[in-house]
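What follows is the residue order along each chain.
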Amino acid sequence: MTQHAAAQDDQAKRNVDIVLTAMRELSADKDLTAIDRYWAEPCIQHSPQMPNGLDTLRNVVPNLEGFSWEPQRIAAQGDLVFTHSIVHGWAPNPVAIVDIFRLDNGRIVEHWDVVPAEKSANGNTMV
């Protein structure tokens, strides 16, 4: 492994740790101060349900009853972290969601999510 590849691998591991810690503190611990530690403005949202900016997280998270985020698979490349998770409390039933986080200087600055359709045409689960 080249020195450059090793440095990228180390950065990807650090980014995974940041995302997992940030999401645990925000979703499981309901610690809104995690937003100040792990996210940075301008935070760009690609989720069709959420506007840009961190105020959205500050306003949405306290109102999520029974919310939990349970990552099942995690991958990272460069400044991106991908999680495939089971999420409770976002919809009436648990859903599998893919989140993509982009980090800059150790802070989450961009987010995409992929939420499944209501019904599977092939009968396969999302997890």
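Refer to the structure presented above.
Just so it is clear, the model here is predicted, and its values are computed rather than measured. (Residues numbered from 1 in each chain as written. Predicted model: local features only at pLDDT ≥ 70, side-chain atom pairs only at ≥ 80, totals over all residues. Heavy atoms only, no water.)

Trainee: I'm lost on the overall build of the protein in this one. Help?
Mentor: Within the protein one finds three helices and five strands. Looking at the protein alone, contacts between residues at least 24 apart form 39% of all its contacts between residues at least 6 apart. Only carbon and sulfur atoms are counted for the fraction: they give 53% of the accessible area of the protein, which is about 7600 Å². (Helix = DSSP H or I, 4+ residues; strand = E, 2+ residues; numbered from the N terminus. Contact = heavy atoms within 4.5 Å. Areas by Shrake-Rupley, 256 points an atom, 1.4 Å probe, with all protein chains shown as cover.)

Trainee: What am I meant to see in unusual backbone geometry here?
Mentor: If a residue is not glycine, its phi is most likely negative; likewise, a peptide bond is most likely trans. Each neighbour pair has its own omega, and for Glu-41 with Pro-42 the value is -5°, a cis peptide bond. If you trace the backbone, Pro-42 turns up in strand β1 (residues 39-45). Its identity is not glycine, yet Lys-30 carries a phi of approximately 55°, on the positive side. Residue placement: Lys-30 occurs in the loop between α1 (3-28) and α2 (33-38). With phi around 55°, Asn-105 is a residue other than glycine that occupies positive phi space.

Trainee: How should empty space enclosed by the protein be read in this particular structure?
Mentor: Remark: the empty space left among the atoms is shown by a probe the size of a water molecule rolled over them. According to the stated counting rule, one finds one cavity of 30 Å³ or more in the structure shown. Space inside the largest cavity adds up to approximately 310 Å³. In terms of lining residues, the largest cavity is bounded by 20 residues, among which Met-23, Met-50, Leu-57, Phe-67 and Trp-90 are the most central. Of all the elements in the fold, those that place two or more residues in the lining of the largest cavity are α1, β1, α3 (54-60), β4 (95-104) and β5 (107-114). (1 Å grid on protein atoms, 1.4 Å probe; cavity = no way out; pocket = protein on both sides within 12 Å on 5 of 7 lines; lining within 4 Å. Points joined across faces, edges and corners; volume = space filled by probe spheres on them.)

Trainee: Can you walk me through the pattern of salt bridges in this structure?
Mentor: Pairs can form between side chains of opposite charge whenever their charged atoms are close. Tallying each qualifying case throughout the model produces seven salt bridges. Glu-25 serves as the salt-bridge partner of Arg-24, at 3.8 Å between the closest nitrogen and oxygen. Here Asp-31 makes a salt bridge to Arg-37, at a shortest N to O gap of 3.0 Å. Here Asp-31 falls in the partly exposed class, since its relative accessible area comes to 25%. (Salt bridge = Lys/Arg side-chain N within 4 Å of Asp/Glu carboxyl O. Buried < 20%, exposed > 50% of the residue type's maximum accessible area, 1.4 Å probe, protein only.)

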